[in-house]
Amino acid sequence: MKTPIELDRYSCNWIGGERVQGMAAMEVENPATGRTIARVPDLEDEAVDRAIESAGQAFDSWSRLPAGVRAGYLNEWAQRLLDHSEELASLLTLEQGKPLVESRGEIAGAAAIIRWYAEEGKRAYGEIIPASNEGQQLLVYREAAGVVGLITPMNFPAATVARKVAPALAASFTLVLKPAETTPLTAIALFDHLMATGIPAGAANLVTGEAARIGARLMAHPAIRKISFTGSTRIGKLLMEQAARTVKKVSLELGGNSPVIVFPDADPEKAAADIAANKFENCGQVCNGINRIYVHEDIRDAFVAALLSRVRRLRTGPGLSEGADVGPLISGAALAKVERLVGDAVAKGGELLAGGRRLQGEPYADGYFYAPTLIAGVTGEMDIAHEEIFGPVAPVLTFRTEEEVVAAANDTAYGLATYVYTQNFARIHRMIRVLKTGNIGVNGTSLAYPQAPFGGVKESGIGREGGRQGLEEYTVLKYVALTTE
């Protein structure tokens, strides 16, 4: 297969508006083949510090720019992504694995996020509070606190960069971005286009390298006043501990164990179609992807038949191949986890209806492919009912009563998303009230929109991305009691 773009272009970092190479390098592989496709810097500590200091030096001038000027840079950035969308989508699929059609959608979505925050940055309003005394004004300002460290995951390497970089710049923060070790090329390519807008040097910096070391460097530096991280709950807890040492503001989007509840009055065909689209998107590697499927026993057979029909029609293959619906998992470790969870479920009585195996032979040889899998008869004793799968596996559980399924859905340390299928409006409002989660989808499974606040509760995180609330995460309040007489 001919590589669609020149990968050597994306082997550098950006510090102070300049391309930077490291003394050491890290390999980036194509998960569809297991082969190395590029090398990026494993940046040394001194260079990471230089990126932070560059952002600090740029902060005063960047934060003084009118919001409309900052919006101009963001809008030009978004347009450049759209103008080069096919190249960027091919790069994203090459390093991440998802089907090209999904990558195209992600690039378009990233541009939409950037454009939305270009406009929302003009609306970072403060307040005037009624005063208690004559000759007095009470004012509340929203402003940036300095430099933000951004750490993004591998599953949406363009969209999560946009969801963090755009509001940070719109709110007048300067920043240092650390993308995932497995998918840095897309972030570097996006930064190439950001730099091409002529954005002032140092406003945005990008560093790659070993995650724990660079993360610790960002957390320890006093100039970093905020951290925004998307990733595992385990790492999020570690970052919270490290943030305490310098009292940094943190925003964390962490793990999930998202259930969907299909009540007996739901349309099983529609529910199955929506759930299949959610569950197998990006090979199941979606933070708010469905992890547990609770179906009322009265429609269990009809629903399972409808879902099984859809699972069997899914085509697995390299993301750049014609007609692929499901690509590879990101790594051998991710594949091993899925194999373990499925093996445990089957050993404890789960009914394997489709998949349940690693795919081998051409075109899967040396890649991290797992067959789209459907398991019925899943119970709470199985690991798959409690751990985040992050793979193409749909486990089906059954329930009898509303009280029973609500208790089961809430019985998790996580609280990112829950989905409900029912035509009963009284039940819909009860579910909104009793489900312990940050996001709820009712009769649909799409949640991520630029104008809506997305985030979790419990061990799924702190803070929100998207909406005006996502912009507010990048501001701090300054209160002024002004005596005018």
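What counts and what doesn't
- Position numbers for residues start from 1 in each chain and track the written sequence from start to end.
- With the structure being a predicted model, the display of local features is reserved for residues of pLDDT at least 70 and the display and counting of side-chain atom pairs for 80 or more, all residues being used for whole-chain, interface and lining totals.
- Values shown for side chains rest on all heavy atoms present in the structure; no hydrogens or waters enter the calculation.
- Put simply, DSSP H or I for four residues or longer makes a helix, DSSP E for two residues or longer makes a strand, and each gets a number counted from the N terminus.
- Type-normalised accessible area, obtained with a 1.4 Å probe on protein chains alone, sets the label of each residue: buried when under 20%, exposed when over 50%, and partly exposed for intermediate values.
- Pairing between two strands is assigned when DSSP locates at least 2 bridges connecting them.
- Only the stretch in contact is used when fitting a helix axis, every axis being a line fitted to C-alpha atoms; angles between N-to-C directions are given from 0 to 180 degrees.
- The cut-offs work like this: below 35 degrees is roughly parallel, past 145 is roughly antiparallel, 65 to 115 is roughly perpendicular, and the gaps in between are oblique.
- Here is the rule for handedness: rotate from the far helix to the near one, and if that takes an anticlockwise turn smaller than a right angle the crossing is left-handed, while a clockwise turn gives right-handed.
- By definition, residues are in contact when any of their heavy atoms lie within 4.5 Å.
- Under the grouping applied here, Gly and all other residues not named as nonpolar or charged are polar, the nonpolar ones being Ala, Val, Leu, Ile, Met, Phe, Trp, Tyr, Cys and Pro and the charged ones Asp, Glu, Lys and Arg.
- For salt bridges, the criterion is a side-chain nitrogen of Lys or Arg within 4 Å of an Asp or Glu carboxyl oxygen.
- Expected helix span is taken as 1.5 Å per residue step, with the number of steps being one fewer than the number of residues.

Novice: For this particular structure, what's the right way to read the side chain of R427?
Specialist: In this structure, R427 sits in helix α13 (residues 425–434). You can call R427 buried: its relative accessible area is 14%.

Novice: Quick question: what am I supposed to make of the sheet that holds strand β20 (residues 476–483) here?
Specialist: Adjacent strands of a sheet form backbone hydrogen bonds with each other and so pair up, either parallel or antiparallel. The antiparallel open sheet is built from 3 strands, whose spatial order is β5-β6-β20. Of all the strands in the sheet, just β5 (127–129) and β20 have a single pairing partner and so form its edges. Each neighbouring strand pair of the sheet contributes to a mean axis angle of 25°, computed without reference to strand direction.

Novice: Just to check I follow, could you spell out the packing of helix α4 (residues 100–120) against helix α5 (residues 159–170) for this structure?
Specialist: Relative placement of two packed helices is described by the angle separating their axes and the distance separating the axes. The N-to-C vectors of α4 and α5 enclose an angle of 15°; their axes lie 9 Å apart at closest approach. The angle between α4 and α5 places the two elements in the roughly parallel class. Of the two possible hands of crossing, α4 and α5 adopt the one that is right-handed. Residue-level inspection shows E106, A110, I113, I114 and Y117 of α4 in contact with α5, the latter providing A159, A162, R163, A166, P167 and A170. In terms of residue class, the contact of α4 with α5 is built from 9 nonpolar, no polar and 2 charged.

Novice: I'm lost on the pattern of salt bridges in this one. Help?
Specialist: Any two side chains of opposite charge can pair if their charged atoms end up close together. By the definition in use, this model includes 28 salt bridges. Of the charged contacts in the structure, one is a salt bridge between R400 and E297, with a shortest N-O distance of 3.3 Å. Of this pair, R400 sits in the loop between β16 (393–399) and α12 (402–410) while E297 sits in the loop between β13 (290–296) and α10 (300–313), placing them 103 residues apart in sequence. Looking at E297, the relative accessible area reads 40%, which means it is partly exposed. A salt bridge links R300 to D301; the nearest nitrogen and oxygen atoms lie 3.2 Å apart. According to the relative accessible area criterion, R300 is partly exposed, its value standing at 21%.

Novice: Sorry, what's going on with helix α3 (residues 85–96) here?
Specialist: Because an α-helix packs 3.6 residues into every turn, residues spaced three or four apart end up facing the same way. Taking 1.5 Å per residue, 12 residues should reach 16 Å; α3 reaches 16 Å between its end C-alpha atoms and fits that length. When α3 is considered as a whole, its buried residues turn out to be L88, A89, S90, L91, L92, T93, L94, E95 and Q96. Of the residues one or two after α3, G97 is the one with positive phi, at around 105°.

Novice: Before we go on, may I ask you to explain unusual backbone geometry in this structure?
Specialist: Backbone phi values are negative for most residues with the exception of glycine, while trans is the configuration of most peptide bonds. Here the residue pair E362 and P363 is connected by a cis peptide bond, since its omega of 5° sits within 30 degrees of zero. Mapped onto the elements of the fold, P363 is located in the loop between β14 (351–354) and β15 (373–376).

Novice: What exactly am I supposed to notice about helix α11 (residues 332–347) here?
Specialist: For α11, with 16 residues, the first-to-last C-alpha span of 22 Å sits near the 22 Å given by 1.5 Å per residue. A334, L335, V338, L341, V342, D344 and A345 are the residues of α11 that are buried. If you follow the buried residues of α11, they end up packed against β15 and β16. One or two positions beyond α11, positive phi appears at G349, with a value near 105°.

Novice: Can you help me understand the sheet that holds strand β12 (residues 258–262) in this one?
Specialist: Within the open sheet, the 7 strands sit side by side as β14-β15-β16-β13-β12-β17-β18. Their pairing is mixed. Of all the strands in the sheet, just β14 and β18 (439–442) have a single pairing partner and so form its edges. On average, adjacent strands in this sheet sit at an angle of 20° to one another, irrespective of strand direction.

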